[in-house]
Amino acid sequence: MNLLQNPLVAPLLAVPEPLQSRYRQALAVLEAALAAVEPGQAVRQALDFEPTKGLLRVGEQVYDLNEIERIFVVGAGKAGTPMTQAVADLLGKRLSGGLVTVKYAHGPATTDRLPSTVEILEAGHPVPDAAGLAATARLLEKVENLTERDLVIAVISGGGSALLEQPVAGIDLSDLQTLTTALLRSGATINEMNTVRKHLSQVKGGGLARRVAPARLIGLLLSDVVGSPLDVIASGPTVPDTSTYADAWNILAGRDLLSAGEIPTSILEHLEGGRAGNRPETPKPGDPLFERVQTLIVGDNRVAALAALEKAAQLGFQPLLLSTFLEGEAREVARVLAGIGREVAASGHPLNPPACLIAGGETTVTVRGGGLGGRNQELALAAALAIEGQPNLLIVPLATDGSDGPTDAAGAFAHGQTIAQARQQGLDPLDFLARNDAYHFFETAGGLLKTGPTQTNVNDLIFIFVW
């Protein structure tokens, strides 16, 4: 992806120097991060197929495809299109068919390169919709009646929790939508959200592995979760689940969602039954089910961050990775990162300018207002307030999938003059922050970063540039 040639990015560059040059440098660093986690390339690096011998290498494991009758590719996530294409390109005619669900606008521009037996369907994210449930039902039909001589390759990436779903009996789509919306507004972490969702689903928390058995199963995961715990990525459809019904119930209680009456009765009754031991738990570590399952992470946040640092060094910056385990309320994290940037500018610690510091992970937003935005835009607005008047600071939070919250922006640029320029336009930044309306703030003030769908998803990256 060439961000400098992206028409969505062009409005950012319509600013005077030196800001335009700084934006160009920042975009080059962001571009390097995204290129490093291009999903198709990540899959190609993880797999190797020798057609003459019929041997497929997946990480350190080798499969003799001469012993395999049929191979299917299934899965879900925002990166599903390039991941599926990579599998199809590698296996060619050995691929028997498949179905992968992606977010709306993330499907292939053309299906000419895909086998006619492989479908890519689009559905809703982050809140599941009818299209996603219908796609999952069709996916499960494709893996019915498999045998030990079949092989299923599951391509899983961020967004899979919403896009791969078949709820347990008694819970319908509207119940799931209400739950998901309540969890999102509460500021629940992705780990917390997926713990709850795994205990309401027939395909999450090892459920897909159960449906595929006794066939062999290979899970190729592009991680969008801090620390890359396998059972949290896309709610862990191919791996054992380490969480319990009790954990799910406690999360709802801890987020004050039980007393608020926001959770449908059907969900509460199901979780209460599981907590009481009246419903079967999700499959756990040690279950023989997983003896024929291999799961491999093909890309994550750290890969993207290290590639960005390498590019920053090439551009003359002193590079430093702060962490890839960043979590917390977006506006609070913003103040901390802004403080680090100000320290570099003031004292040269821990690096002398020009410097590029990067933090990766995923923040959350507790929604209290009715505005529009996402965690990265809110972080940018809070950061802009924290670095007001600082002439040599630029902070850029980026959602690596190109979609920050329910918006068409990936993040925003916050610099030392952002707040002053906004006030000159009659904007009150504190009011926008209080209403969780960072999108409309940056849309008017300038600095909104739009990349379009990047076809990848490895959490967020926050860049601190100091000149």
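Everything that follows concerns the structure shown earlier in this document.
All of these numbers come straight from a predicted model, not from anything done at the bench. (Residues numbered from 1 in each chain as written. Predicted model: local features only at pLDDT ≥ 70, side-chain atom pairs only at ≥ 80, totals over all residues. Heavy atoms only, no water.)

Engineer: Could you give me a rundown of the sheet that holds strand β6 (residues 118–123), with the residues and numbers involved?
Structural biologist: Pairing is parallel in the open sheet, where six strands are placed in the order β6-β5-β4-β7-β8-β9. Where the open sheet ends on each side, the last strands, each with one partner, are β6 and β9 (293–299). Adjacent strand axes in the sheet meet at a mean angle of 15 degrees when their direction is disregarded. In terms of strand pairing, strand β7 (residues 150–157) meets strand β8 (residues 216–222) through seven bridges, oriented parallel. The residue bridging I156 from the neighbouring strand is L221, located in β8. Along the sheet, helix α4 (residues 130–142) contacts β4 (70–76), β5 (97–103) and β6; its crossing angle with β6, the most-contacted strand, is approximately 160 degrees. (Pairing = 2+ DSSP bridges. Helix = DSSP H or I, 4+ residues; strand = E, 2+ residues; numbered from the N terminus. Axes fitted to C-alpha atoms, helices over the stretch in contact; angles between N-to-C directions. Contact = heavy atoms within 4.5 Å.)

Engineer: Give a description of empty space enclosed by the protein that names residues and reports values.
Structural biologist: As enumerated under the stated definition, the model contains one cavity of 30 Å³ or more in all. Of the pockets and cavities examined, the largest cavity occupies roughly 30 Å³. Top element by residues in the lining of the largest cavity is helix α6 (residues 173–186). It accounts for three residues. (1 Å grid on protein atoms, 1.4 Å probe; cavity = no way out; pocket = protein on both sides within 12 Å on 5 of 7 lines; lining within 4 Å. Points joined across faces, edges and corners; volume = space filled by probe spheres on them.)

Engineer: Any details on the pattern of salt bridges? Residues and values, ideally.
Structural biologist: According to the stated counting rule, one finds 23 salt bridges in the structure shown. The closest approach of N and O atoms between E388 and R423, which form a salt bridge, is 2.8 Å. Taken as a pair, E388 in the loop between α13 (375–386) and β12 (393–399) and R423 in helix α14 (residues 418–424) lie far apart in primary sequence, 35 residues in all. In this structure R423 comes out as partly exposed when scored by relative accessible area, which is 40%. When salt bridges that share partners are traced, they join K198, D231, D241, E281 and K284 into one network. (Salt bridge = Lys/Arg side-chain N within 4 Å of Asp/Glu carboxyl O. Buried < 20%, exposed > 50% of the residue type's maximum accessible area, 1.4 Å probe, protein only.)

Engineer: Residues and numbers for the packing of aromatic side chains, please.
Structural biologist: Each aromatic ring pair is described using two quantities: the centre-to-centre distance and the angle formed by the ring planes. Under the defined criterion, the tally for this structure stands at seven aromatic pairs. Consider the rings of F465 and W467, whose centres lie 5.9 Å apart with planes at 25 degrees: the pair is stacked. The exposure class assigned to F465 is buried, which follows from its relative accessible area of 0%. Its relative accessible area of 22% is what places W467 among the partly exposed residues. Above the ring of F432, the side-chain terminus of R435 is found at 4.9 Å from the ring centroid. (Phe/Tyr/Trp six-rings, centres within 6.5 Å; stacked < 30°, edge-to-face > 60°. Lys NZ or Arg CZ within 6 Å of the ring centre and 35° of its normal.)

Engineer: So what's going on with the sheet that holds strand β2 (residues 55–58)? Residues and values would help.
Structural biologist: The strand order across the open sheet formed by three strands is β1-β2-β3, and the pairing between neighbours is antiparallel. Sheet topology places β1 (47–50) and β3 (61–64) at the edges, where each strand pairs with a single neighbour. Across the sheet, the mean angle separating the axes of adjacent strands is 15 degrees when strand polarity is ignored. As judged from the four bridges shared by β1 and β2, these two strands associate in the antiparallel manner. The partner of E50 across the bridge, within β2, is L55.

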